[in-house]
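Reading the structure
One-letter residues, chain by chain:
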Amino acid sequence: MSSINNIVEELKKNISSFEKNVQVEETGTVIEVGDGIARMSGLSECQSSEMLEFPGNTFGVALNLEEETVGAVILGDFTHIKEGDIVKRTGRILSVPVGEELIGRVVNPLGQAIDGGAPIKIKDFYPVERIAPGVMTRQPVSEPVQTGIKAIDSMIPIGRGQRELIIGDRQTGKTAIAIDTIINQKGKNLICVYVAIGQKESKIARIVSRLKEAGAMDYTIVVNASASDSAPLLYVAPYAGVAMAEYFMDQGKDVLCVYDDLTKQAWAYREMSLLLRRPPGREAYPGDVFYLHSRLLERACRRNAEHGGGSITALPVIETQAGDVTAYIPTNVISITDGQIFLETDLFYRGIRPALNIGISVSRVGSAAQLKSMKKVAGKLKVSMAQFRELEAFAQFASDLDPETKKQLELGQRLVEILKQPQYSPMAVGDQVSIIYAVLNGYANEAKVEEMALWEENFHKFMNDSKQTLLDKLNAGEWSDKVEKELKDACAEYLKQNLK
Amino acid sequence: MKKRTDKQYAKILYGLTAGVKEKDLTEYINVFVNLLKKEQKIKHVDKIIKEFIDLSRKEQGIEKIEIITANKVSDEIVKKIEKIFGNKTESTERLDKSILGGFVIKTENKILDASLKTQLKQLKTNLVN
């Protein structure tokens, strides 16, 4: 009984301590509404990108501040808003909840749970728009992000704090690379934020269940603005995602941000801008579409220790139409990022998956962060692949080739075979180094090109069963004459065993 | 040339007629109506007049307020409220049972909310958190 009395007492105390305060709110009136855009009179003190409260608990963002009116985009449903409605200022710049509680959840760009779980209660808010860290707070990349994909980790390495673009036509495996990278971060001390912009809900559901299966949701936040959401939500989604990432960076942690994909965000921004009657430019995009992406990707950084450390690695995705990288948005984003991973339909249908075009894919800064063991074998791999590409075109016309050329060609074919990798099967660095080393140094020359997949599988099995200490060394990035000799011996031993 | 808004026409009219003697007024109005005719804005005239009234009120420092209460209040209280907003205040009153008690005052772009309903709402959020 006493507990009831206690509760009543507590309640009474709470109520009596409640102070009345009368609010003076600045308001405006809707004079025009439609297509997710509202124009209001009044709101004379409104700030740029301030949140506005519409009736029915709907929020909007003021984007156009004009002499007589304010133009705003409405986040969410706008069908109940009508002319003459009162709009209140909130005095807050658009911000999203941030915190540990978000990890493992699927949220919308406003940070509300959409995975059917409990509502997320968070006190911390970060503004969606934030100026990127300055020159003095940064340092060059020095730690790698292991994607677990042989072709990328060896030839297009990505460092923590880098911005690496994934570009290609539809259905070439762009998302697959991003998801594999997230899956491979298990136990690697990297928090992942996957921002889905304008994707099908079914695809998101599939990705989330895949991540759950692989145990990757333990360190991942999924921000979803699906194809059925309004353009303003699609536009805000990547900024919301990076704001959530910045919270972790401010605690000195490393974060990986995937924006899948920025083409759709640019479309959403174009739609909004045209409705707000901003003048259209090339391909009907507004004049500041470059700034739209540059200010987002500039927030990816690696901060130095004096400024708290931490990093945000960005993996933006761009979808091209029929391989046209000279369109407006692809050229913009290529010029902003520190390199690109280029995926091609041709390669995809030839069975080379991931369908990387190694010739034009680059990473401008990642090699500084590559592990020593990988760097040693990757250098030779790059040269061999380049020679192979050159010879391949030439060999189509020649009937009989000299043995030297033939050898080069066969090596190239074998390398192409081992760089193939099925989806959702990321590989540890040690395994990658050992297989590339073995093939480059001719240990696979006796195997048929068509049987390389089997050869590789057996090789990994052999290494993992009997050479675990060597793999550990390679995983840690160790490389010396001694390690190389051990690796050589291991390859020879495997060959002997394989021949039996 | 960019189209003029109704507000801009109201400003033109205000500037045109400010300080004009009553007997000359017709002449000036004629000029303005001719302008409207030339720019094919005659059908906007109602809106322009409304804007003009708003504008001249503002220029003369007349504040327009709306007092919303749950029950009818005496004229004395209304006078008191008007005085707070300045000497030249025009007020309209409106009854709204849904605010339960207290009052809400609306000016051109501000809302002063001292209603019981809002305070109960605040109490609720205070208790929940």
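Residues numbered from 1 in each chain as written. Chains lettered and ligands numbered in written order. Predicted model: local features only at pLDDT ≥ 70, side-chain atom pairs only at ≥ 80, totals over all residues.

**Comments concerning helix H15 (residues 481-499) of chain A**
Residue and element names in this part refer to chain A. The end-to-end C-alpha distance of H15, which contains 19 residues, comes to 27 Å, matching closely the 27 Å that a straight helix rising 1.5 Å per residue would cover. Considered for burial, the residues of H15 that qualify are Leu-487, Ala-490, Cys-491 and Tyr-494. When H15 is viewed along its axis, its buried side chains cluster within an angular range of 100° and face the same direction. Across from the buried face of H15, at angles greater than 90 degrees, the exposed residues are Asp-481, Lys-482, Lys-485, Asp-489, Ala-492, Lys-496 and Leu-499. Contact partners of the buried residues in H15: helix H12 (429-440), helix H13 (452-466) and helix H14 (468-475). (Helix = DSSP H or I, 4+ residues; strand = E, 2+ residues; numbered from the N terminus. Expected span 1.5 Å × (residues − 1). Buried ≥ 20, exposed ≤ 12 C-beta atoms within 10 Å, placed from the backbone. Arc of directions from axis to C-beta. Contact = placed C-beta atoms within 7 Å.)

**Digging into the packing of helix H10 (residues 372-395) of chain A against H12 of chain A**
When two helices pack together, their arrangement is given by the angle between their axes and by how far apart the axes lie. Residue and element names in this part refer to chain A. Running from amino to carboxyl end, H10 crosses H12 at an angle of 40°, the nearest separation of the two axes being 10 Å. With respect to H12, the axis of H10 lies oblique. Helix-helix and strand crossings are classified by hand; for H10 and H12 the assignment is left-handed. Within the contact between the two elements, H10 uses Ser-373, Met-374, Val-377, Lys-380, Leu-381 and Ser-384 and H12 uses Val-429, Gln-432, Val-433, Ile-436, Tyr-437 and Leu-440. For the contact of H10 with H12, a count of residues per class yields eight nonpolar, three polar and one charged. (Axes fitted to C-alpha atoms, helices over the stretch in contact; angles between N-to-C directions. Parallel < 35°, antiparallel > 145°, perpendicular 65-115°, else oblique. Left-handed = near helix turned anticlockwise from the far one by under 90°. Nonpolar A, V, L, I, M, F, W, Y, C, P; charged D, E, K, R; others polar.)

**Thoughts on the interface of chain A and chain B**
Accessible area lost when the parts come together is the quantity often used to give the size of an interface. On the chain B side, the residues contacting the 15 residues of chain A number twelve residues. Those elements giving two or more residues to the side of chain A that touches chain B turn out to be helix H1 (2-16) and strand S1 (23-34) of chain A. For the side of chain A that touches chain B, the leading source of residues is S1 of chain A, giving six residues. Tallied by class, the residues present in the side of chain A that touches chain B amount to five nonpolar, six polar and four charged.

**Overview of the domain arrangement of chain A**
Residue and element names in this part refer to chain A. With domains assigned, chain A is organised as domain 1 (27-93), domain 2 (97-369) and domain 3 (373-499). Averaged C-alpha coordinates put domain 1 and domain 2 at centres separated by 30 Å. The partner domain 2 presents ten residues to the 13 residues of domain 1 that form the contact. Every element with two or more residues in the side of domain 1 that touches domain 2 is listed here: strand S4 (58-65) and strand S5 (69-75). (Domains from an automatic or database assignment.)

**A closer look at the nonpolar core**
All names here are of chain A. Formed by 138 residues in total, the largest nonpolar core has its most connected members in Val-193, Val-195, Met-244, Val-255, Cys-257 and Ile-341. If you tally residues by element for this core, the top one is helix H5 (residues 231-249), at 15 residues. Excluding residues that lie within four positions of it along the chain, Val-255 makes contacts with Leu-190, Ile-191, Val-193, Ala-245, Phe-248, Met-249, Ser-311 and Ile-312. (Core = buried A, V, L, I, M, F, W, Y, C linked by C-beta atoms within 7 Å.)

**Some thoughts on the domain arrangement of chain B**
Once the domains are mapped, chain B shows domain 1 (6-59) and domain 2 (63-128). For domain 1 of chain B versus domain 2 of chain B, the distance between C-alpha centres works out to 34 Å.

**A word on the pairing of S1 of chain A**
Consecutive residues of a regular strand have side chains that alternate between opposite faces of the sheet. One ladder, built from four bridges, connects S1 of chain A with strand S4 (residues 110-115) of chain B; its direction is antiparallel. Counterpart to Gln-23 of chain A in the pairing with S4 of chain B is Asp-113 of chain B. Where S1 of chain A lies against strand S6 (residues 86-93) of chain A, three bridges are found, and the strand directions are antiparallel. In the strand pairing of S6 of chain A, Thr-29 of chain A is matched with Ile-86 of chain A. As defined by bridge partners, S1 of chain A adjoins strand S2 (residues 37-42) of chain A across six bridges and the pair is classed as antiparallel. Of the residues in S2 of chain A, the one forming a bridge with Thr-29 of chain A is Ser-41 of chain A. Here S1 of chain A folds back onto S2 of chain A in antiparallel fashion, the turn holding two residues, of which Asp-35 of chain A has a positive phi close to 55°. (Pairing = 2+ DSSP bridges.)

**So, the pairing of strand S15 (residues 254-260) of chain A**
Residues and elements named next belong to chain A. The element S15 is largely enclosed, with a buried count of seven among its seven residues. Neither face of S15 is exposed, since Asp-254, Leu-256, Val-258 and Asp-260 on one face and Val-255, Cys-257 and Tyr-259 on the opposite face are all buried. As paired strands, strand S13 (residues 190-197) and S15 are joined by seven bridges and run parallel to one another. Bridging across to S15, Val-195 finds its partner in Tyr-259. With six bridges joining them, S15 and strand S16 (residues 311-319) adopt parallel strand pairing.

**Some details on the sheet that holds S15 of chain A**
Residues and elements named next belong to chain A. Across the sheet, eight strands lie side by side as S8-S14-S13-S15-S16-S12-S17-S18; this open sheet has mixed pairing. The open sheet has two edge strands, strand S8 (106-107) and strand S18 (362-363), and neither has a second partner. With respect to the sheet, H5 is in contact with S13, strand S14 (220-225), S15 and S16, its orientation differing from that of S13 by roughly 175°.

**Some thoughts on unusual backbone geometry**
In this structure, Asp-261 of chain A follows Asp-260 of chain A across a cis peptide bond, with omega equal to -10°. For Asp-261 of chain A, the position within the fold is in the loop between S15 and helix H6 (262-275). In this structure, the amide linkage connecting Arg-353 of chain A to the following residue, Pro-354 of chain A, adopts the cis form with an omega of 0°. With respect to the secondary-structure elements, Pro-354 of chain A resides in the loop between helix H9 (345-349) and S18. Notably, Glu-283 of chain A is not glycine yet its phi reads approximately 50°, a positive angle. Using a count of 11 C-beta atoms within 10 Å as the deciding quantity, one classes Glu-283 of chain A as exposed. Within the chain, Leu-100 of chain B stands out as a residue other than glycine whose phi angle is a positive 70°. Summarising the element assignment, Leu-100 of chain B is placed in the loop between strand S2 (89-95) and strand S3 (102-106).

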